[in-house]
Structures are given as C-alpha cells and as structure tokens.
Amino acid sequence: MEITLNSGFKMPIVGLGVWRMEKEGIRDLIINAIKIGYRHLDCAADYRNETEVGEALTEAFKTGLVKREDLFITTKLWNSDHGHVIEACKDSLKKLQLDYLDLFLVHFPVATKHTGVGTTDSALGDDGVLDIDTTISLETTWHDMEKLVSMGLVRSIGISNYDVFLTRDCLAYSKIKPAVNQIETHPYFQRDSLVKFCQKHGICVTAHTPLGGATANAEWFGTVSCLDDPVLKGVAEKYKKTVAQVVLRWGIQRNTVVIPKTSKPGRLDENFQVFDFELSKEDMELIKAMDRKYRTNQPAKFWGIDLYA
C-alpha cells in the first residue's frame, strides 16, 4: 500500500515512527518491524537516535533482510539548523549510515539559535522563551532544501507542522514543491481544511501522532487520547479490531499516511494489520463527527511560547 508523491517516488502508507524510542531497544524494534512488513521509517535529528537507527538498518542490509531500495527513510531538519541545511542533512546521513534520504522534512516552520550542527538543542533566552532566529526566512531554508535534491542527497523534500498559510507560501516560492506535510491529525484533531488544502495542491499529508499520542502524550502533556473514546470502542467491536487499528484505518481512508510509534512488539504487529478491512461510509462519518480540534502534542511546554498561537 503506497502513495505516489508529487516527486514521482512512492511512499508506503503505514510507517513506524521512532520518536521517544529508547536507544537500547531500537535495534530489535526495527528488525522486527521489517520482518513484519514495515518498509517506511520516520526519523528526525531531534529524536537523537539516528545513530542507533543507522546501526539497525546496516544490520538489516548486511544480513539480507531487506535492500536499501526497498525502504523509505524519512528524517528531519531541526529548528537550530535552518542556516546549515546541507551540513545537517549530511550529519543525519552519516548517523543513519545512508547515501541518500527518501524524504527530508523541515521539522518546524521556525529557525532558532544555532547550537552546532546536529545538536538539536532548543536554546531559551533569559526570559525562558525559545530563542527564535528572525534573520533566516523559511524561503531561504526551503531553497537550501531544494539544493539537497540536485545534489542527490535527498529524493523528496517536504514540510512539517505547517498550517494553510505557511503551506501556501511554500507553494508560491518553491521551485520544487513540498511532497509532504507531516502534521498532527487524529479523530480528536482532524484538521480537515488543512488536509484538503494540501491534497488539493498535490501535497501528501502524513499523520504524526495518528493515535492521539496515547499514554506517551498523556505523560508528557497531560492530554486525553481518543483510544479511550466509547464511540471508537463501539466501532472497533463491530469490526472485531482494536481501537488503534480502527483509528489507523480511518487515517488511511482519508488518504493520509500514518506513522504510529510503539515500543511494544505486540503493538508493532497490531498497527500493521490494517489492510484486511474497510470502514463503511457511515462509520467514517461517525468518526468525522468526533472532532474536538484537540491538539495533544504541544511543545510550548518546553519552549515557553505557543508557536501555534
């Protein structure tokens, strides 16, 4: 199951997100994921585990478990490296032990104080607020991203956490259009206008936090997960599936790519078993009515400023 990006490359519709994965467990998770059938890994410099992911990938290639060309690897430019795009990409490639990336994303639409390539710090000012760099425009960053394609380091480039306004701007100044916009979206935070705008203009939407963050975001941000919703539990029972499988299937039927994260082997397999059923139009509408416009991933907790304000 793949989506063809506007760059012409194909992206598997289900991927494995590696955010907040413990370094010591990454090897087993990635090897097991590949054995299950995952062919899409979503990484980021800021997750600070690219080195461990790279070691697992190298093992998978050397043992013949999978070929490089069969995998779709995404990673992301951190805020503090907007003025050092090429160096940051090369740093990620070195850590991942890859010659090229399938997709490189601008992680957030904000440049912050540079703290050294690949360090991915979020420097705060004396006032405890994120030290935002106002000298680097997103347009400048994007044109550096485009250079990566011509250099052969990256096959597709995209954006992440961009709203309608910023996505429209990127379309206006880009020579190479963004192939993907990776955003938080799930039944409680559907963002239908943004999803439709992106899709209308040929930008694939990838849903990060596709399960609403579950326990992890509850711990970090004190948020509530849609996985406990009685309506979704009823739909899951109807299809004899788990709530997570129903939510992921809903995302797929919206034509979005889903990249659930888990550190549990059982959930790894469960999250991939979403191709043997289809939600009815009535159940899609039922879930559509659940939207709360409820964001569960809020970095303002760490940055001292709400960038979504």
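These remarks concern the structure in this document.

Definitions and limits used
Residues numbered from 1 in each chain as written. Predicted model: local features only at pLDDT ≥ 70, side-chain atom pairs only at ≥ 80, totals over all residues. Heavy atoms only, no water. 1 Å grid on protein atoms, 1.4 Å probe; cavity = no way out; pocket = protein on both sides within 12 Å on 5 of 7 lines; lining within 4 Å. Points joined across faces, edges and corners; volume = space filled by probe spheres on them. Nonpolar A, V, L, I, M, F, W, Y, C, P; charged D, E, K, R; others polar. Disulfide = S-S within 2.5 Å. Buried < 20%, exposed > 50% of the residue type's maximum accessible area, 1.4 Å probe, protein only. Helix = DSSP H or I, 4+ residues; strand = E, 2+ residues; numbered from the N terminus. Contact = heavy atoms within 4.5 Å. Polar contact = N/O pair within 3.5 Å; in protein donor to acceptor, adjacent residues only side chain to side chain. Pairing = 2+ DSSP bridges. Axes fitted to C-alpha atoms, helices over the stretch in contact; angles between N-to-C directions. Core = buried A, V, L, I, M, F, W, Y, C linked by side-chain atoms within 4.5 Å.

### Observations concerning the layout of surface pockets
Here the idea is plain: a probe the size of a water molecule rolls over the atoms and shows the empty space left.
Alright, step 1. Considered as a void within the structure, the second largest pocket measures approximately 230 Å³ in volume.
Alright, step 2. Along its surface, the second largest pocket is lined by Phe108, Pro109, Val110, Asn161, Asp163, Leu166, Arg191, Arg295, Leu307, Tyr308 and Ala309.
Alright, step 3. Residue composition of the lining of the second largest pocket, by class: seven nonpolar, one polar and three charged.

### Re the state of the cysteines
Alright, step 1. This structure, assessed with the given rule, holds zero disulfides.
Alright, step 2. Of all cysteine sulfurs in the structure, the one in Cys89 sits closest to Cys43, which takes part in no disulfide; the separation is 13 Å.
Alright, step 3. Residue classification places Cys43 among the buried positions, given a relative accessible area of 0%.
Alright, step 4. No disulfide involves Cys226; its sulfur sits 20 Å from the nearest other cysteine sulfur, which is in Cys204.
Alright, step 5. Owing to a relative accessible area of 1%, Cys226 belongs among the buried residues under this scheme.

### Focus: the environment of Ser280
Alright, step 1. Relative to the assigned elements, Ser280 resides in the loop between helix 10 (265-272) and helix 11 (281-288).
Alright, step 2. Between the C-alpha atom of Ser280 and that of Gln253, which follows or precedes it by 27 residues, the distance is 10.0 Å.
Alright, step 3. Other than its neighbours up to four places away in sequence, Ser280 contacts Lys238 and Tyr239.
Alright, step 4. Among the polar contacts made by the side chain of Ser280, one reaches the main-chain amide nitrogen of Asp283 at a distance of 3.1 Å.

### Quick look at the sheet that holds strand 3 (residues 16-17)
Alright, step 1. Strands sit in the order 3-4-5-6-7-8-9-10 across an open sheet of eight strands; the sheet is parallel. At either margin of the open sheet sits one strand with a lone partner, and together these are strand 3 and strand 10 (257-258).
Alright, step 2. The sheet contact formed by strand 4 (residues 40-42) and strand 5 (residues 72-77) spans three bridges and is parallel. Across the sheet, the residue bridging to Asp42 is Thr74, located in strand 5.
Alright, step 3. Set on the sheet, helix 6 (residues 192-200) makes contact with strand 8 (180-184) and strand 9 (204-208); between it and strand 8 the angle comes to about 170 degrees.

### Observations regarding the nonpolar core
Alright, step 1. Ranked by size, the top nonpolar core spans 80 residues in total, and within it Phe104, Met145 and Leu279 carry the most contacts.
Alright, step 2. Considering each element in turn, this core owes the most residues, seven residues, to helix 9 (residues 243-253).
Alright, step 3. In this structure, Ile183, Leu194, Cys198 and Val205 belong to the second largest nonpolar core, which totals eight residues.

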